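Chains, contacts and geometry: an overview
Residues per chain are reported as follows:
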Amino acid sequence: MTTIRENETEQESMKREFYHMIINGEKVKSSTGEVLKTYNPANGELIAEVAKASKEDAEKAFEAARNAFDKGKWKLFPVGKRAQVLNKIAAIMRNRFNELVELEILDTGKSLHAAQGQVTQAIEDFEFYAGAIVGHRGTVNNVPGQFHNYTEKEPVGVCAQIIPWNYPLMMAAWKIAPAIAVGCTVIVKPASLTPLTAIILGEICLEAGVPAGVVNVLPGSGSDVGNFLVEHPQVDKVAFTGSTPIGKDIMGKASQTLKRVTLELGGKSPSIVFEDADIDAAVDGSLFGIFYNSGQSCEARSRLYVHEDIYEEFMNKFVEKTKKLQLGNPFDKTTHMGAIIDQSQLDTIEGYVQSAKEDGADILAGGKVAKPEGYENGFWYEPTIISNVTQDMKVVRDEIFGPVVVVSKFKDEKEAIRLANDTDFGLGSAVWSKDGARATRVANQIQAGIVMVNCPFSAFPGTPFGGYKQSGFGRELCIETLDLYTETKSVLSYYGSRPLNPFGL
Ligand code: NAP
């Protein structure tokens, strides 16, 4: 890989690997010849060029998905056969595990351990839905008189699936697997910054036997082709993961044709550490809770509330360990934190830390752009702890989406719950306490879709993932996701021998 951008000659550019979009089972270039360039955030080098979809390409992808749904056989496949294909996708991904991990690291700058975990989960997601779909069925219902009623679960149709850059492969798997399991067809729009692994996943789907047109992958601009799909009157559903402002825009536009919508949006998740917590476990869990994936996680626990009696002990340990986190070569297994996705995100993080300083907060660790040796041209930020904050500060209210945590004290359970719920968001949350009754009581009162009790992990295939309030709605990664890709049809039939004559004529 050569160093990039302006200095690059056309010949150099031609040597790079080229990624096609996938429309109707074919790997194709853009109708306009336009390309997206994708860079390694760890060192700023160009990785690859990608066909950039135009509206004309988006229309072709839509037609392919529409035809495959309306006229194709995928939704008519016996469920066991669809399950077999999903398992085959997972098997091919397992065989290509190292390649997927490498590509994800190059495209996002994330650390090896993070990429390995996410690729593993993407694989397990297909396996989970291969099992789950077999048990997904309608109901038989009690009705009075000589009537019989049953329900069928029918696939909702053509789904536009719009993916963010922070977990490119895992988010694509969360969306494609349940949709195709029930018989839908999809057009996947990866984030412009990170399109590579979603394209490879599209190719793997074809190799595994998913018919042409069922999975289309359309790299391109969100405001252009993403918006086109959202507004398209014959797209039946939009499943979106991304920021809250774009989610609101999508919901407004999708309402014009009453499309089904699932929104997985931003967060500002609280972590509450009680005085009776295992302090070392809470320190380690809170480190992972914010600094995993360089804080670029929707459920990052970016607000930390610590009981006043243990505040000093907790903070001494938390600050000390934060300063030990290793940044640098993402492929090195001792690296804890990878890069920030791009310069614009780095600027956003810097802006928030600056605002905290101006508001009078204290920086206990980090607070600066980082320049790990050998990675000076990449985008890095130090793991940062901010204390002495008030609930009205920007740094406490807004999602920063970087390795920045704000910390404050609380006096009692009531205050902890009030502070935790004092946010527009409601995605993740964590409770640290050895008192099981208290942990349950607090978990029940937190307004969030996910509560982690004495645990730093938010989800595995099978556990519902999604938000309350402005973190969106709908749940992914679980059995009920299958319902979000289906319509329920109720069939009521009469089996009496006397004809019905309700008007009595
Ligand atoms: P984003 O800017 O909202 O973009 C997300 C996706 O939407 C990208 O593919 C983007 O395309 C596309 N898009 C942009 N404008 C659009 C429009 N007008 N119509 C249709 N699509 C459009 O979010 P991001 O910066 O990639 O991701 C970070 C955000 O995602 C954070 O807020 C994070 O909390 C959230 N997130 C939530 C979850 C969850 O499960 N709740 C999980 C992961 C991330 P381009 O790339 O071309 O702009």
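Look a little higher up for the structure.
Just so you know, these numbers come straight off a predicted model, no measurement behind them.

1. Remarks on the overall build of the protein chain
For the protein chain, the helix and strand inventory stands at 16 helices and 21 strands. The C-alpha atoms of the protein chain give 24 Å as radius of gyration, which agrees with the globular expectation for 505 residues (23 Å, within 12%). Its C-alpha atoms put the protein chain at 80 × 65 × 40 Å along the principal axes. Here the protein chain, with 505 residues, has 57% of them falling under the buried criterion. Accessible surface, the protein chain as shown: approximately 21100 Å² in total, 50% of it carbon and sulfur. Taking the average location of the 52 positive side-chain charges in the protein chain and that of its 64 negative ones, the two points are 5 Å from each other.

2. Overview of the site of the ligand
The local shell around the ligand holds 31 residues, among which I163, K189, S192, S243 and E399 are the closest. Within the contact set of the ligand, an oxygen atom lies 2.8 Å away from a side-chain nitrogen or oxygen of K189. Measuring from an oxygen atom of the ligand, one finds a backbone N or O atom of G222 at 2.8 Å. Relative to its unbound accessible surface of 910 Å², the ligand loses 88% to contact with the protein. Mapping the ligand onto the cavity grids shows that it belongs to the largest pocket. Listed by contribution, the elements that provide at least two residues to the shell around the ligand are α8 (222–231), β11 (237–241) and α9 (244–254). With four residues, the single largest contributor to the shell around the ligand is α8. For the shell around the ligand, the residue count by class is 15 nonpolar, 12 polar and four charged.

3. A look at the pattern of salt bridges
Overall, the coordinates contain 26 salt bridges when judged by the stated rule. With a closest N to O distance of 2.8 Å, D284 and K321 form a salt bridge. Pair noted here: D284 is in helix α10 (residues 279–291) and K321 is in helix α11 (residues 311–324), with a separation of 37 residues, a long-range link. In this structure, the salt-bridge partner of E415 is R418, at a minimum N-O distance of 3.9 Å. Remark: R418 and E415 occur in helix α14 (residues 413–421); sequence separation between them is three residues, near one turn of the helix. The exposure class assigned to E415 is partly exposed, which follows from its relative accessible area of 22%.

4. A short note on the nonpolar core
Residues I89, M93, F126, I180, F314 and F318 are the most contacted members of the largest nonpolar core, which totals 101 residues. In terms of residue count, the dominant contributor to this core is helix α6 (residues 168–182) (12 residues). Among the nonpolar cores identified, the runner-up in size contains 30 residues, and I386, I417, A420 and I446 belong to it.

5. Describing the packing of helix α5 (residues 112–132) against α6
Direction vectors running N to C along α5 and α6 enclose 5°, while the axes themselves pass 9 Å from each other. As far as their axial angle goes, α6 and α5 are roughly parallel. Counting all contacts with α5, which are made through Q118, V119, Q121, A122, D125, F126 and Y129, the residues of α6 involved are L169, M170, A173, W174, I176, A177, P178 and A181. For the contact of α5 with α6, the per-class residue count stands at 12 nonpolar, two polar and one charged.

6. Digging into the environment of F147
With respect to the secondary-structure elements, F147 resides in strand β7 (residues 147–155). A relative accessible area of 30% places F147 in the partly exposed class. Separated by 348 residues in the primary sequence, F147 and Y495 have C-alpha atoms spaced 6.0 Å apart. The residues contacting F147, other than those within four sequence positions of it, are L492, S493, Y494, Y495 and L500.

7. A word on empty space enclosed by the protein
To find leftover empty space, a probe the size of one water molecule is rolled over the atoms. Scanning the model with the defined rule gives three cavities of 30 Å³ or more in all. Counted as a void, the largest cavity has a volume near 80 Å³. Lining the largest cavity are 14 residues, and of these A300, S302, E399, I400 and F401 lie nearest its centre. Broken down by class, the residue content of the lining of the largest cavity amounts to six nonpolar, six polar and two charged. Size it by volume and the second largest cavity reaches roughly 70 Å³. Lining the second largest cavity are 13 residues, and of these T108, K110, N293, Q296 and A339 lie nearest its centre.

8. Things to note about the layout of surface pockets
Roughly 910 Å³ of volume is contained in the largest pocket. Around the largest pocket, the lining is made up of 42 residues, and of these W165, F240, G242, S243 and I246 lie nearest the centre. The class makeup of the residues in the lining of the largest pocket is 22 nonpolar, 13 polar and seven charged. Sort the elements by how many residues they give to the lining of the second largest pocket and α5 lands first, with seven residues. Grouping the constituent residues of the lining of the second largest pocket by class yields 15 nonpolar, eight polar and three charged.

9. Some thoughts on a nonpolar patch on the surface
A surface patch of nonpolar side chains, amounting to about 360 Å² of accessible area, comprises F147, L492, Y494 and L500. Within the secondary structure, Y494 is located in strand β21 (residues 486–494). Using a relative accessible area of 31% as the deciding quantity, one classes Y494 as partly exposed.

10. Structural notes on the packing of α14 against helix α15 (residues 436–445)
For the pair α14 and α15, interaxial distance at closest approach is 10 Å and the crossing angle is 35°. Taken as a pair, α14 and α15 cross one another with a handedness that is right-handed. Here α14 contributes E413, I417 and N421 to the contact with α15, which in turn contributes R438, R441, V442 and Q445. Here the contact of α14 with α15 is built from residues that sort into two nonpolar, two polar and three charged.

11. Describing the sheet that holds β21
Strand order in the open sheet formed by three strands is β6-β7-β21, with antiparallel pairing between adjacent strands. The open sheet has two edge strands, β6 (140–141) and β21, and neither has a second partner. Sheet topology note: the β7/β21 ladder contains nine bridges and is antiparallel. Bridging from a neighbouring strand, H148 pairs with S493 of β21.

About the cut-offs
- Residues numbered from 1 in each chain as written.
- Predicted model: local features only at pLDDT ≥ 70, side-chain atom pairs only at ≥ 80, totals over all residues.
- Heavy atoms only, no water.
- Helix = DSSP H or I, 4+ residues; strand = E, 2+ residues; numbered from the N terminus.
- Rg over C-alpha atoms; globule rule 2.2 N^0.38 Å.
- Buried < 20%, exposed > 50% of the residue type's maximum accessible area, 1.4 Å probe, protein only.
- Areas by Shrake-Rupley, 256 points an atom, 1.4 Å probe, with all protein chains shown as cover.
- Lys, Arg positive; Asp, Glu negative; His and termini not counted.
- Charge placed at Lys NZ, Arg CZ, Asp CG, Glu CD.
- Near = heavy atom within 4 Å.
- Polar contact = N/O pair within 3.5 Å; in protein donor to acceptor, adjacent residues only side chain to side chain.
- 1 Å grid on protein atoms, 1.4 Å probe; cavity = no way out; pocket = protein on both sides within 12 Å on 5 of 7 lines; lining within 4 Å.
- Sits in = over half its atoms within 2 Å of the grid points.
- Nonpolar A, V, L, I, M, F, W, Y, C, P; charged D, E, K, R; others polar.
- Salt bridge = Lys/Arg side-chain N within 4 Å of Asp/Glu carboxyl O.
- Core = buried A, V, L, I, M, F, W, Y, C linked by side-chain atoms within 4.5 Å.
- Axes fitted to C-alpha atoms, helices over the stretch in contact; angles between N-to-C directions.
- Parallel < 35°, antiparallel > 145°, perpendicular 65-115°, else oblique.
- Contact = heavy atoms within 4.5 Å.
- Points joined across faces, edges and corners; volume = space filled by probe spheres on them.
- Patch = residues over 30% accessible without salt bridge, like charges linked within 9 Å, V, L, I, M, F, W, Y side chains within 5 Å.
- Left-handed = near helix turned anticlockwise from the far one by under 90°.
- Pairing = 2+ DSSP bridges.

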